[in-house]
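# Chains, contacts and geometry: an overview
Given next are the chains, with one letter for each unit.
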Amino acid sequence: MAKRINKQNDLLQANKGEQAMIEAILEGSPEGIGVAVIRLDCGCIKMAAVNPAGDPASKVIMYRDNAESICEQCKADNGDFMRVKKQFISWQNPEPDTHTKQMIINKVLGSES
């Protein structure tokens, strides 16, 4: 059975397609407490589970909704951080405390997130 995910994530939250991917990533990552979601300007999305220390708890998954593969630009530059449009972490319930969440956000997404 898939673990419940908190859909209330500050101002950003996963869309329906992303939510299904998040649940699958967490199901395969038992030490994961959330999934970093990075939306690129081309429409491709990068995701990876994170553990309580803010370290990777899964491989990075790249995909594009309703497409067979990621775009040519992402194939060439692996989704360069300069093309990030939006990024957030979708937390698993129960969410970590505020201090832990901020530490993980800073470590995974940077202090400007």
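Let me sum up the structure you'll find in this document. Quantities reported herein were computed from a predicted structural model and do not represent experimental measurements. (Residues numbered from 1 in each chain as written. Predicted model: local features only at pLDDT ≥ 70, side-chain atom pairs only at ≥ 80, totals over all residues. Heavy atoms only, no water.)

The subject of this paragraph is the overall build of the protein. Each helix and strand counted, the protein has 3 helices and 4 strands in total. Going from N to C terminus, the protein has its helices and strands arranged as α-β-β-β-α-β-α. By the burial criterion, 42% of the 113 residues in the protein qualify as buried. A separation threshold of at least 6 residues defines the contact pool for the protein, and within that pool the share at least 24 residues apart is 53%. Of the roughly 6800 Å² that the protein leaves accessible, carbon and sulfur atoms contribute 52%. (Helix = DSSP H or I, 4+ residues; strand = E, 2+ residues; numbered from the N terminus. Buried < 20%, exposed > 50% of the residue type's maximum accessible area, 1.4 Å probe, protein only. Contact = heavy atoms within 4.5 Å. Areas by Shrake-Rupley, 256 points an atom, 1.4 Å probe, with all protein chains shown as cover.)

It is worth spelling out the environment of Val 50 at this point. Of note, Val 50 is situated in strand β2 (residues 44–50). The exposure class of Val 50 is buried, given its relative accessible area of 3%. The sequence separation of Val 50 and Gly 32 amounts to 18 residues, and the corresponding C-alpha distance is 5.1 Å. Those residues in contact with Val 50 that sit more than four places away from it in its chain are Glu 31, Gly 32, Ile 33, Gly 34, Asp 55, Ala 57, Ile 104 and Val 108.

Take Arg 83: it is sitting in the loop between α2 (72–77) and β4 (84–91). Apart from the residues within four sequence positions on either side, Arg 83 is in contact with Arg 39, Leu 40, Asp 41, Cys 42, Gln 73, Cys 74 and Asp 77.

Strand pairing within a sheet occurs via backbone hydrogen bonds; the two strands may be parallel or antiparallel. The strand order across the open sheet formed by 4 strands is β3-β2-β1-β4, and the pairing between neighbours is antiparallel. Looking at the sheet topology across the chains shown, the edges are occupied by β3 (61–64) and β4. Across this sheet, the average inter-strand angle for adjacent strands is 20°, counted without regard to direction. When strand β1 (residues 34–40) meets β4, the two strands line up antiparallel, connected through 7 bridges. Following the sheet pairing, Arg 39 is matched in β4 by Lys 86. On top of the sheet, helix α3 (residues 98–109) reaches β1, β2 and β4; it is set at about 145° to β4, its chief contact. (Pairing = 2+ DSSP bridges. Axes fitted to C-alpha atoms, helices over the stretch in contact; angles between N-to-C directions.)

Per the stated rule, a full pass over the model turns up 6 salt bridges. In this structure, the salt-bridge partner of Arg 39 is Glu 18, at a minimum N-O distance of 2.8 Å. Here Arg 39 is found in strand β1, whereas its partner Glu 18 is found in helix α1 (residues 16–27), with 21 residues between them in sequence. The pair formed by Arg 39 and Glu 18 is uniform in burial state, with each residue classed as buried. Where salt bridges share partners, they join Asp 41, Asp 77 and Arg 83 into one cluster. (Salt bridge = Lys/Arg side-chain N within 4 Å of Asp/Glu carboxyl O.)

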